[in-house]
Every structure is written in structure tokens, then in C-alpha cells.
Amino acid sequence: HQLQDLANNGFIIVITDAPGTEFRGRDFNRYTYGRLGQVEIDDHAHAMEQLARDRPYMDMTRVGIMGHSMGGYFSLRAMVQRPDLYKVGHINAPNVDPVKFRVPLEPYYGCLPNECPDVYAAATVTDRLDRLEGPMLITFGTADQHIPVSEAYRLTEAMDEAGYDAYELDIYPGVNHLVMRDSRWYPKMVEFFERELKNTNR
């Protein structure tokens with residue numbers, strides 16, 4: 001209902017079921033195998049641009065992106081990889097660099113980090129943060145049992161070192177990985193997008 005509320009408030013919401021996800025057949029599912037983090041953003045951006053070609057009411061100068069956990073990683077990567085398209089980002093409890101993920105990724109890569117370091121390096125984000133341009137809101141709970149809040153500080157420290165300071169870090173004491181279930185999260189998310197996208201010209 002939160003996304004519907006955003007739509008009712010004047011935003012256009014686009015959710016893509018990109019290649020690499022399930023329930024579309026073997027080739028579709030295995031599209032990202034061995035390339036996780038390398039090909040998804042181009043597909044997402046292409047879908048946005050294709051939709052906009054037939055919908056002149058879509059303002060492609062004011063595109064935001066939001067994601068949670070692994071989706072937070074991809075939202076961050078989108079901001080890094082296509083700053084010309086994705087103007088603002090709302091990133092919740094994101095994984096940061098695949099080589100440091102707490103969950104094993106070898107089923108998606110087909111190898112361990114020490115066996116194919118170039119593959120993991122290609123999906124790294126923190127060494128590309130100097131490409132960031134638009135504002136970003138990062139939210140984390142201190143009781144996150146999947147991605148420790150220390151990842152938030154590691155990410156923002158890397159942003160500082162890259163010279164990027166257009167971020168806000170919002171820490172929720174005692175909140176777990178599902179930070180969006182906290183009652184404070186939704187109004188802050190709406191306020192961020194209204195301030196950075198709806199009420200400004202980017």
C-alpha cells in the first residue's frame with residue numbers, strides 16, 4: 001500500500017522483473033549467472049527508457065530509485081552506474097560490496113572470491129563512489145541481524161573519501177533488517193522524495 005500511496009501522491013511507480021529473477025524460464029533465470037552486479041542496471045535503465053518513449057507524462061529528468069537489502073545494493077549501483085538517469089536514491093539496509101556479503105554468493109557466481117576475484121571486483125561499488133551525483137538517503141537499523149549497521153558507517157566513510165557528501169544517514173536504534181516496518185520510515189521516505197524530486201527541477 002505504501003507504493004500505491006506514492007502513486008496517489010503524484011509519483012509514477014515502476015517495478016521491473018529483470019532478467020535473473022525466477023518464474024520466467026531457465027534462460028531468463030540464468031541471465032545474470034556469473035555476472036551478478038554487472039548487467040542488471042543496464043536492463044533496468046532500458047526498461048525505464050522504453051516505458052518513457054510511449055508515455056510523455058513520465059519526467060525522465062526526475063527519476064528516483066529505492067531498494068532494500070540486495071535491492072539497496074542495486075539501487076546504490078544504479079546511482080553509481082547511471083547518474084544521468086537516477087537522480088536520487090533511497091537505500092535501505094544495503095549490502096555494499098559482494099566480496100563482503102555475509103551470505104554466500106558462489107551459487108550466483110559459480111566461484112568463490114579467491115577463485116574469481118575479477119568477477120567479484122566487477123560488482124564492487126565502493127571503488128566507484130566518485131561517480132555519485134544526486135542526493136541519497138541511507139537507512140539502517142542498529143539491530144539488523146543480516147547486515148550489521150557497521151556497513152552503514154563503512155559505506156559513508158567510503159563516500160566521504162570519494163568526495164561525495166550529498167547523502168543523509170538515518171539510523172533507527174533497536175530496529176532490525178526490516179527497517180521499513182518502523183512507523184517512522186514511511187513518512188521520512190515520502191518527505192525525501194517529495195523534497196528531492198517532486199518539488200524540485202533536476
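Structure shown above.
So, how was this worked out
Numbers given for residues are sequential positions, taken from 1 along each chain in its written order. In keeping with the model being predicted, local features are shown solely for residues with a pLDDT of at least 70 and side-chain atom pairs are shown and tallied solely at 80 or more, while totals for entire chains, interfaces and linings include all residues. Only heavy atoms go into the side-chain values, all of them from the structure, while hydrogens and water stay out. Each helix is a run of H or I in the DSSP string that is no shorter than four residues. Each strand is a run of E no shorter than two, and both are numbered from the N terminus. Residue burial is assigned from relative accessible area. The probe radius is 1.4 Å, only protein chains are included, and a residue is buried under 20% of its type maximum, exposed over 50%, and partly exposed in between. Pairing between strands requires that DSSP locate at least two bridges from one strand to the other. Axes, fitted as lines to C-alpha atoms, cover a helix only where it is in contact. Angles between the N-to-C directions of the axes lie from 0 to 180 degrees. In this description, a nonpolar core means a group of buried Ala, Val, Leu, Ile, Met, Phe, Trp, Tyr and Cys residues linked to one another through side-chain atoms lying within 4.5 Å. Contacts are assigned to residue pairs with any non-hydrogen atoms lying within 4.5 Å of each other. In protein, a polar contact requires one atom able to donate a hydrogen and another able to accept it; more generally it is a pair of N or O atoms within 3.5 Å, and residues adjacent in sequence count only if both atoms are side-chain atoms. By definition here, a helix of n residues has an expected span of 1.5 Å times n minus one. In what follows, salt bridge is the name for a side-chain nitrogen of Lys or Arg lying within 4 Å of a carboxyl oxygen of Asp or Glu. Distance thresholds for patches are 9 Å for like charges and 5 Å for nonpolar side chains (Val, Leu, Ile, Met, Phe, Trp, Tyr), applied to residues having over 30% relative accessible area and no salt bridge. Note that accessible areas follow from Shrake-Rupley with a 1.4 Å probe, and for residues the cover is restricted to the protein chains shown. Positive charge is attributed to Lys and Arg, negative charge to Asp and Glu, and no charge count is given to His or to the chain ends. Every charge is mapped onto a representative atom, which is NZ of Lys, CZ of Arg, CG of Asp or CD of Glu.

### Brief notes about unusual backbone geometry
Phi angles above zero are rare outside glycine, and Ser 69 is one such case at about 60°. One non-glycine residue, Ala 93, adopts positive backbone phi at about 45°. Turning to its location among the elements, Ala 93 is positioned in the loop between strand E2 (86–92) and helix H5 (106–109). Residue classification places Ala 93 among the buried positions, given a relative accessible area of 0%.

### A few points about the sheet that holds strand E1 (residues 63–68)
The parallel open sheet is built from four strands, whose spatial order is E1-E2-E3-E4. The sheet terminates laterally at E1 and strand E4 (167–172), the two strands that pair on one side only. Strand-to-strand twist across the sheet, computed as the mean angle between neighbouring axes with direction ignored, equals 15°. Here strand E3 (residues 136–141) runs beside E4; their pairing, made up of six bridges, is parallel. Across the sheet, the residue bridging to Ile 138 is Leu 169, located in E4.

### Here we look at the nonpolar core
By size, the foremost hydrophobic cluster in this structure holds 38 residues, and its most contacted members are Leu 76, Tyr 86, Leu 129, Leu 132, Met 136 and Met 159. Elements represented by at least two residues in this core include exactly helix H3 (40–53), E1, helix H4 (70–81), E2, E3 and helix H7 (150–162). Excluding its chain neighbours within four sequence positions, the residues that come into contact with Met 159 are Leu 76, Leu 129, Leu 132, Met 136, Ile 138, Tyr 164 and Tyr 167. The next biggest cluster of nonpolar side chains, apart from the first, holds 14 residues, and it includes Tyr 172, Val 175, Met 180 and Trp 185.

### Observations regarding the side chain of Asp 170
Mapped onto the elements of the fold, Asp 170 is located in strand E4. Judged by its relative accessible area of 14%, Asp 170 is buried. Looking at Asp 170, its side chain comes within polar contact range of the side chain of Tyr 172, at 3.3 Å. Setting aside its immediate chain neighbours within four residues, Asp 170 contacts Leu 137, Ile 138, Thr 139, Phe 140 and Lys 188.

### Re H7
Given 3.6 residues per helical turn, the α-helix brings residues three or four places apart onto the same face. The end-to-end C-alpha distance of H7, which contains 13 residues, comes to 18 Å, matching closely the 18 Å that a straight helix rising 1.5 Å per residue would cover. Buried residues along H7 sit in contact with H4, E3 and E4. Note on H7: the residue one or two positions beyond its end, Gly 163, has a positive phi of about 85°.

### Re the environment of Val 96
By the secondary structure assignment, Val 96 is in the loop between E2 and H5. Here the alpha-carbon distance between Val 96 and Pro 135, two residues 39 residues apart in the chain, equals 17 Å. Leaving out residues up to four positions away in the same chain, Val 96 has contacts with Tyr 73, Phe 101, Val 125, Thr 126, Glu 151, Arg 154 and Leu 155.

### Quick notes on the pattern of salt bridges
Enumeration over the complete set of coordinates arrives at 11 salt bridges. Asp 59 is the partner of Arg 62 in a salt bridge, and the nearest nitrogen-oxygen pair spans 3.0 Å. For Arg 62, a relative accessible area of 28% corresponds to the partly exposed category. Here Asp 170 makes a salt bridge to Lys 188, at a shortest N to O gap of 3.1 Å. Remark: Lys 188 occurs in helix H8 (residues 185–198) and Asp 170 occurs in strand E4; sequence separation between them is 18 residues. Through salt bridges with shared partners, a single network forms among Glu 168, Glu 191, Arg 195 and Glu 196.

### A few points about a negative patch on the surface
Residues Glu 157, Asp 160, Glu 161 and Asp 165 make up a contiguous surface patch of negative charge. You can see Asp 165 is positioned in the loop between H7 and E4.

Just geometry here; none of it tells us what the structure is for.
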